[in-house]
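# Working through the structure, step by step
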Amino acid sequence: MRRLAAAIAIASLLLAACGEPTPTADAGTGIRGVVTLGPTCPVEQPGQAPCVTPYAATLVVTAVEDGSVVARVTSGDDGTFEVLVPPGDYVIAPEPGGDPFPVGQPVAVHVDAGAFTDVEVAYDTGIR
């Protein structure tokens, strides 16, 4: 997983160096969401609320069209984040949180003009 995350980060940086400038976003268009960390307890019981907690993490937003990095955002202590981006298709790549855990998986997101797209980015603690 670490190698995949590192490969995505390196490819994004290389492609960003070659890409054309990304159009700017207006104040009403972007991505917002929450970053969670879980499981945070060793055993989840049926009927019990999921063992997850908000997580402060750095996320890299890349454009699907050309692989350029359009934003880098850090979620707050409550796990929430918001970033302005132009309409289009993106991948949110969570930066690794540790060695080897926690680790987050990339999330694909589509953003329409004049709207925010809500997403959840989940980091896995490795607890089983």
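Residues numbered from 1 in each chain as written. Predicted model: local features only at pLDDT ≥ 70, side-chain atom pairs only at ≥ 80, totals over all residues. Heavy atoms only, no water.

### Focus on the pairing of strand β8 (residues 107-111)
Test applied: Burial classes: relative accessible area under 20% of the type maximum marks a residue as buried, over 50% as exposed, and values in between as partly exposed (1.4 Å probe, protein chains only). To qualify as a helix, a DSSP run of H or I must reach at least 4 residues; to qualify as a strand, a run of E must reach at least 2; elements of each kind are numbered from the N terminus. The rule for pairing is simple: two strands pair if DSSP sees at least two bridges between them.
Here β8 shows a clear split, with Val107, Val109 and Val111 buried on one side and none of Ala108 and His110 buried on the other. In terms of strand pairing, strand β6 (residues 88-94) meets β8 through 5 bridges, oriented antiparallel. Residue pairing in the sheet places tyrosine 90 in a bridge with valine 109 of β8.

### Concerning the pattern of salt bridges
What counts here: The salt bridge criterion pairs a side-chain nitrogen of Lys or Arg with a carboxyl oxygen of Asp or Glu, the two atoms within 4 Å.
A complete count under the given rule lists 3 salt bridges for this structure. We note a salt bridge from glutamate 82 to arginine 32, for which the minimum N-O separation is 3.6 Å. Here arginine 32 lies in strand β1 (residues 30-38) and glutamate 82 lies in strand β5 (residues 80-84), a separation of 50 residues in the sequence. We classify glutamate 82 as partly exposed; its relative accessible area is 47%. Overall, the relative accessible area of 35% leaves arginine 32 in the partly exposed class.

### Quick look at the state of the cysteines
Formally: Note on terminology: pairs of cysteine sulfur atoms within 2.5 Å are recorded as disulfides.
Scanning the entire structure with this criterion turns up 1 disulfide. Paired through a disulfide, cysteine 41 and cysteine 51 show a sulfur-sulfur distance of 1.8 Å. Handedness of the cysteine 41-cysteine 51 disulfide follows from its S-S torsion of about 75°: it is right-handed. Separated by 10 residues along the polypeptide, cysteine 41 in the loop between β1 and β2 (53-54) and cysteine 51 in the loop between β1 and β2 bring together distant segments of the chain.

### Thoughts on the nonpolar core
What counts, and what does not: Buried Ala, Val, Leu, Ile, Met, Phe, Trp, Tyr and Cys residues form a nonpolar core when they are joined through side-chain atoms within 4.5 Å. Contact definition: two residues touch when any of their heavy atoms are within 4.5 Å.
Judged by nonpolar contacts, the single largest core of 21 residues is most densely connected at Ile31, Phe81, Ile92 and Val121. Counting only elements with at least two residues in this core, the list comes to β1, β3 (58-63), β4 (69-74), β5, β6, β8 and β9 (116-124). Among all residues touching isoleucine 31, those that are not within four sequence positions of it are Val61, Phe81, Glu82, Val83, Val85, Tyr90, Ile92, Val109, Val111, Phe116, Thr117 and Val119.

On their own, these measurements won't tell you what the molecule is for.
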